[in-house]
Amino acid sequence: MRIFFATACLLASSSMALSAAAPDEAALRASMKQIGPVCTGLAKKITAKDATSAADAKQLQAWFGGVGKFWKAKKAEDGVTFSKTAAAEFKTVSKLTAAGKWDEAGASFKKATATCSGCHGAHREKAADGSFKVK
Ligand code: HEC
């Protein structure tokens, strides 16, 4: 569990890179750039039972609300579902960490971060130069 926390977000972000894109994709990328470090930080905070976890989880919930709108505009149902699941699970993480229920929070965090690799696997395309773009 501990190892999973430490690596979940890193795995999600380690192989991502910048690429030229349309304006809406730039907005998505900007969100992802914020999501990455906060998610990695939250993993450590849950392990450390840090009380500021609740605020981070709530922020992630909000960001995934925006991410969901991108996929809705793109008419990609699976992307919408991944985003909704992430937002819902981070909301639960926020509530559970606020209540000091760290083990349950860890389980929800795991469900939330399963969406990272799920969506990246489905909607990330590797360009010839090694960067990634939305598909
Ligand atoms: C619904 C789809 C979806 C979900 C869910 C999702 N991502 Fe992403 N993410 C993307 C796409 C698509 C890209 C590629 C954007 C690009 O590079 O153009 C991306 C890119 C990234 C990047 C690289 C940003 C950059 O260019 O520097 C990071 C970091 C990242 N995601 C972290 C996460 C983490 C952490 C989670 C889970 C908590 C997550 N993502 C969940 C779709 C998603």
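Asks: Can you walk me through the nonpolar core in this structure?
Replies: Core analysis: the biggest nonpolar cluster contains 25 residues, and Leu 42, Leu 60, Phe 64, Trp 71, Phe 90 and Phe 109 have the highest contact counts within it. Those elements giving two or more residues to this core turn out to be helix H2 (23-47), helix H3 (53-73), helix H4 (77-98) and helix H5 (102-123). In this structure, Phe 90 is in contact with Cys 39, Leu 42, Ala 57, Leu 60, Gln 61, Phe 64, Phe 109 and Ala 112, ignoring residues within four places of it in sequence.

Asks: Teacher, can you tell me more about H5 here?
Replies: One turn of the α-helix equals 3.6 residues, which is why residues spaced by three or four share an orientation. The end-to-end C-alpha distance of H5 is 31 Å, a good match for the 32 Å that 22 residues give at a rise of 1.5 Å each. Along H5, the residues classified as buried are Trp 102, Ala 105, Gly 106, Ser 108, Phe 109, Ala 112, Thr 113, Thr 115, Cys 116, Cys 119, His 120 and His 123.

Asks: What exactly am I supposed to notice about the packing of H3 against H4 here?
Replies: Packed helix pairs are specified by the crossing angle of their axes together with the interaxial distance, meaning the distance between the axes. The interhelical angle for the contact between H3 and H4, taken along N-to-C directions, is 165°, at an axis separation of 8 Å. The angle between H3 and H4 falls in the class roughly antiparallel. H4 is crossed by H3, and the crossing has left-handed handedness. Along the contact surface, H3 presents Ser 53, Ala 54, Ala 57, Lys 58, Leu 60, Gln 61, Phe 64, Val 67, Gly 68, Trp 71 and Lys 72, while H4 presents Gly 79, Val 80, Ser 83, Ala 86, Ala 87, Phe 90, Lys 91, Val 93, Ser 94, Thr 97 and Ala 98. For the contact of H3 with H4, the class distribution of residues is twelve nonpolar, seven polar and three charged.

So, how was this worked out
Residues numbered from 1 in each chain as written. Predicted model: local features only at pLDDT ≥ 70, side-chain atom pairs only at ≥ 80, totals over all residues. Heavy atoms only, no water. Core = buried A, V, L, I, M, F, W, Y, C linked by side-chain atoms within 4.5 Å. Buried < 20%, exposed > 50% of the residue type's maximum accessible area, 1.4 Å probe, protein only. Helix = DSSP H or I, 4+ residues; strand = E, 2+ residues; numbered from the N terminus. Contact = heavy atoms within 4.5 Å. Expected span 1.5 Å × (residues − 1). Axes fitted to C-alpha atoms, helices over the stretch in contact; angles between N-to-C directions. Parallel < 35°, antiparallel > 145°, perpendicular 65-115°, else oblique. Left-handed = near helix turned anticlockwise from the far one by under 90°. Nonpolar A, V, L, I, M, F, W, Y, C, P; charged D, E, K, R; others polar.

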